[in-house]
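# Coordinate analysis (summary)
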Amino acid sequence: TQLLEQSPQFLSIQEGENLTVYCNSSSVFSSLQWYRQEPGEGPVLLVTVVTGGEVKKLKRLTFQFGDARKDSSLHITAAQPGDTGLYLCAGSSGNTPLVFGKGTRLSVIA
Amino acid sequence: DTEVTQTPKHLVMGMTNKKSLKCEQHMGHRAMYWYKQKAKKPPELMFVYSYEKLSINESVPSRFSPECPNSSLLNLHLHALQPEDSALYLCASGTSGSTDTQYFGPGTRLTVL
C-alpha cells in the first residue's frame, strides 16, 4: 500500500514568516499534486509536479519534487493570512487511485 | 475552463429520504470520482468512473448508488442513510493515467438527521 506522510500536521505562524511543508513516501510516484482547501469547500489544485528534481513557482509558493520522485515540499515565503487553509499532497502512480497525505493545517496570524 | 460544479451546496435529509447529488464537468475528462470527506481528514475515495463505466467501488455501502449518465455528468443517489454518513461529498474529474491530475468541485455538505 502506498502511503504519503505529510508534516507538520499543524502549523501556526505570524504573517511574514516563511514555512515549509513536507510530503514523503517510500514509494515512487509518477506525479504529485498539491491542493489547498478552505473549510466547507473543495480542494483547489495548486500544482502538479511530474519530473524528478522539478521545481515550480506560483507567486510566493515554491514546489519541489524529489529526484527519486518519492517526496515533495511546499515552501511559502512571507506568509499572509490568505494562505490559511488545509494543504494536501496527493500522489499518482499508474492506474491506482490518487493517494492523499493527511494534510497540513496552516494558520497565518496577522 | 477547469471548473467542476456540484449541486446542491448543502443538503439536509432524514434517514428515510431519497436524494441525489449532482456533478458536472466540461473539461473533456474521461475519469470522474466521488469522495467523502469528514472534518479534519483527507478525502476518501468512494467510486471511480472511467469512460462512463464504474471502474472502482471502494467497498461503499449500497445505500450510496453512483450513476454516470454521460461523460460530463456524475450523480450519487442516496437512500436510507445513517447519521454517520454526514460529511462533505466531493466530486472530481481527472485526466487519469500515470500522471492523473484531479480537479475537485466545491462539494455538497450533507447532514443526515
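Preceding block: the structure.
Along each chain, residue indices are assigned from 1 in the same order as the chain's sequence is written. Chain letters and ligand numbers both follow the written order, the letters beginning at A and the numbers at 1. Predicted model: local features are reported for residues with pLDDT of at least 70 only, side-chain atom pairs are reported and counted for 80 or more only, and whole-chain, interface and lining totals are derived from all residues. The side-chain numbers reported here are obtained from all heavy atoms of the structure, hydrogens and water having been left aside.

## A look at the pairing of strand 3 (residues 18-25) of chain B
A regular strand carries its side chains on alternate faces of the sheet. We apply this condition: When DSSP finds two or more bridges between two strands, those strands count as paired. Put simply, DSSP H or I for four residues or longer makes a helix, DSSP E for two residues or longer makes a strand, and each gets a number counted from the N terminus.
Across four bridges, strand 1 (residues 4-7) of chain B lies against strand 3 of chain B in antiparallel orientation. Directly across from Thr5 of chain B, in strand 3 of chain B, lies its bridge partner Glu24 of chain B.

## Examining the sheet that holds strand 7 (residues 61-65) of chain A
Residues and elements named next belong to chain A. Our working rule: The angle between two axes is taken between their N-to-C directions and runs from 0 to 180 degrees, where each axis is a line fitted to C-alpha atoms and a helix contributes only its stretch in contact.
The strand order across the open sheet formed by five strands is 1-3-8-7-6, and the pairing between neighbours is antiparallel. Each edge of the open sheet carries a strand with a single partner, namely strand 1 (5-7) and strand 6 (55-58). Neighbour-to-neighbour, the strand axes of the sheet open up by a mean angle of 15°, direction not taken into account. Across six bridges, strand 3 (residues 19-24) lies against strand 8 (residues 71-76) in antiparallel orientation. The residue of strand 8 that forms the bridge with Asn24 is Asp71.

## Regarding the side chain of Thr101 of chain B
As a reminder, the rule being used: When a residue's accessible area, from a 1.4 Å probe over protein chains only, is under 20% of the maximum for its type it is buried; when over 50% it is exposed; and in between it is partly exposed. Any pair of N or O atoms that falls within 3.5 Å is considered a polar contact. Within protein, one atom must be able to donate a hydrogen and the other to accept it, and sequence-neighbouring residues count only if both atoms are side-chain atoms. The contact definition used throughout considers only heavy atoms, calling two residues in contact when any of these lie within 4.5 Å.
Take Thr101 of chain B: it is sitting in the loop between strand 9 (87-94) and strand 10 (102-104). By relative accessible area, which is 8% here, Thr101 of chain B ends up buried. In this structure the side chain of Thr101 of chain B is engaged in a polar contact, spanning 3.1 Å, whose partner is the side chain of Thr48 of chain A. Excluding its chain neighbours within four sequence positions, the residues that come into contact with Thr101 of chain B are Gln33, Leu45 and Thr48 of chain A together with Ser93, Gly94 and Thr95 of chain B.

## Quick notes on the interface of chain A and chain B
Under the convention used in this document: In short, buried area is how much 1.4 Å probe accessible area vanishes from two parts on joining, totalled over both. A pair is scored as a salt bridge if a Lys or Arg side-chain nitrogen falls within 4 Å of a carboxyl oxygen belonging to Asp or Glu.
Facing 24 residues of chain A, the contacting portion of chain B comprises 22 residues. With both chains or domains summed, chain A and chain B bury close to 1,600 Å², and 58% of this area falls on carbon and sulfur atoms. By the criterion of area lost to chain B, the three top residues of chain A are Pro43, Pro97 and Phe100 of chain A, representing 24% of everything that side buries. The partner of Lys9 of chain B in a salt bridge is Glu41 of chain A, and the shortest N-O contact between them spans 3.2 Å. For the pair chain A and chain B, the interface holds five residue pairs in polar contact (both at pLDDT 80 or more). Where the side of chain A that touches chain B is concerned, the elements lending two or more residues are strand 4 (31-37), strand 5 (44-49) and strand 9 (85-92) of chain A.

## Overview of the sheet that holds strand 8 (residues 73-79) of chain B
Residue and element names in this part refer to chain B. Taken together, four strands build an open sheet; the order of strands is 1-3-8-7 and the sheet is antiparallel. Because the sheet does not close on itself, it has two edges, and the strands there are strand 1 and strand 7 (64-70). Pairs of neighbouring strands in the sheet enclose a mean axial angle of 20°, with direction left out of account.

## Structural notes on the environment of Val44 of chain A
All names here are of chain A. Along the chain, the position of Val44 falls in strand 5. Sequence separation of Val44 and Tyr87 is 43 residues, and the distance between their C-alpha atoms is 9.5 Å. Excluding anything up to four places from it in sequence, Val44 contacts Trp34, Tyr35 and Arg36.

## Focus: the pairing of strand 7 of chain A
Residues and elements named next belong to chain A. What you see with strand 7 is a clean split: Leu61, Phe63 and Phe65 sit on the buried side and Thr62 and Gln64 on the side with no burial. Here strand 6 pairs with strand 7 via four bridges, running antiparallel. Across the sheet, Lys57 pairs through a bridge with Thr62, a residue of strand 7. Between strand 6 and strand 7, which pair antiparallel one after the other, the connecting turn spans two residues, and Lys59 there sits at a positive phi close to 55°. Inspection of the sheet shows strand 7 paired to strand 8 by five bridges, in the antiparallel sense. Across the sheet, residue Phe63 finds its bridge partner in strand 8, namely Leu74. Two successive antiparallel strands, strand 7 and strand 8, enclose a turn made up of five residues, where Arg69 displays a positive phi of approximately 60°.

## Points about unusual backbone geometry
Cis peptide bonds are those with omega within 30 degrees of zero, and the linkage from Ser7 of chain A to Pro8 of chain A qualifies with -5°. The residue Pro8 of chain A is located in the loop between strand 1 and strand 2 (10-14) in this model. Geometrically, the link from Thr7 of chain B to Pro8 of chain B is a cis peptide bond, its omega value of -10° lying close to zero. Looking at where Pro8 of chain B falls in the secondary structure, it is placed in the loop between strand 1 and strand 2 (10-13). Even without being glycine, Ala78 of chain A reaches a positive phi, approximately 50°. Structurally, the position occupied by Ala78 of chain A is in the loop between strand 8 and strand 9. Note on Ala78 of chain A: relative accessible area 30%, which makes it partly exposed.

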